[in-house]
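One-letter residues, chain by chain:
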Amino acid sequence: MRNFMTIFFITFCLIFVSSAASAFDYHNWIPLLSESIGGMDKQGEPEGLNMEKGGQSWSSIRQQYADAAGKNISLSIITGSDAPGIREFKTMQKFNMENEKKKIKALEVSGHKAVLAFNKKGGRSNLLIAAQDETLVVIETSSFDSEADLVALADDIPLAEIADSVK
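This structure is a prediction, so every number in the text was calculated from the model and none was measured.

**Observations regarding the pairing of strand S9 (residues 135–141)**
Stage number 1. Within S9, seven of the seven residues are buried, which leaves the element mostly enclosed by the surrounding structure.
Stage number 2. Side chains of S9 alternate between two faces, with Thr135, Val137, Ile139 and Thr141 and Leu136, Val138 and Glu140 buried alike.
Stage number 3. Looking at chain direction, strand S4 (residues 72–79) and S9 are connected through six bridges and run antiparallel. Paired with serine 74 across the two strands is glutamate 140, which belongs to S9.
Stage number 4. Pairing between strand S8 (residues 125–132) and S9: seven bridges, direction antiparallel. When the sheet's bridge partners are listed, leucine 128 is paired in S9 with valine 138.

Here it is as structure tokens:
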């Protein structure tokens, strides 16, 4: 019986360690961050986070970009079923809304589901792109007055490589 318990404990530990080791690490995204997006260059080092709580894990990374003219964006990548924004994104995909200040619409960007939350008055706008089911790429900015210009920034982001990195 003692041998059985020892074998069981060792097996349990190996399973636990292998599942923890398979959790995504934001460091894997660093080489995928574009040097420039829409003519804006990286500013500083990326900020990342790996989070684990109650058996759930998620990761995120954020990189700032800017140009000499003062345009800037923040690019974030988030993965994990309980990651902030994943559930909200799934809800936002189901509706379109527009008023005098803001426009929210679901669209497709480079073959990926996306949601544009565009501030018509020049405030903060967001483009959320699902690289895959539980992985979001988010562009935040107040530097763009055109929906098309904001959406075009996604052309400089390696969405397929980001999706492949978390499979």
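Let's pick the thread back up.
**Thoughts on the sheet that holds strand S3 (residues 56–66)**
Stage number 1. If you walk across this open sheet you meet the nine strands as S1-S2-S3-S4-S9-S8-S7-S6-S5, and the pairing is antiparallel. The open sheet has two edge strands, strand S1 (36–37) and strand S5 (97–98), and neither has a second partner.
Stage number 2. Bridging between S5 and strand S6 (residues 102–109) involves two bridges; their strand directions are antiparallel. For methionine 97, the partnering residue across the bridge sits in S6 and is isoleucine 104.

**Concerning the environment of valine 151**
Stage number 1. Tracing the sequence through the fold places valine 151 in helix H3 (residues 147–152).
Stage number 2. Taking C-alpha positions, valine 151 is 10.0 Å from valine 115, a pair spaced 36 residues apart along the chain.

**Quick look at the packing of aromatic side chains**
Stage number 1. Taken as a whole, this structure holds one aromatic pair when the rule is applied.
Stage number 2. For the pair phenylalanine 24 and tryptophan 29, a centre-to-centre distance of 4.4 Å together with 45° between the ring planes defines the contact as tilted.
Stage number 3. The buried category is assigned to phenylalanine 24, whose relative accessible area is 16%.

**Digging into the side chain of serine 60**
Stage number 1. Turning to its location among the elements, serine 60 is positioned in strand S3.
Stage number 2. Setting aside anything within four residues of it in sequence, one finds serine 60 in contact with Tyr26, Trp29, Glu47, Gly48, Leu49, Ile77 and Ile78.

Conventions adopted
- Residues numbered from 1 in each chain as written.
- Predicted model: local features only at pLDDT ≥ 70, side-chain atom pairs only at ≥ 80, totals over all residues.
- Heavy atoms only, no water.
- Buried < 20%, exposed > 50% of the residue type's maximum accessible area, 1.4 Å probe, protein only.
- Helix = DSSP H or I, 4+ residues; strand = E, 2+ residues; numbered from the N terminus.
- Pairing = 2+ DSSP bridges.
- Phe/Tyr/Trp six-rings, centres within 6.5 Å; stacked < 30°, edge-to-face > 60°.
- Contact = heavy atoms within 4.5 Å.

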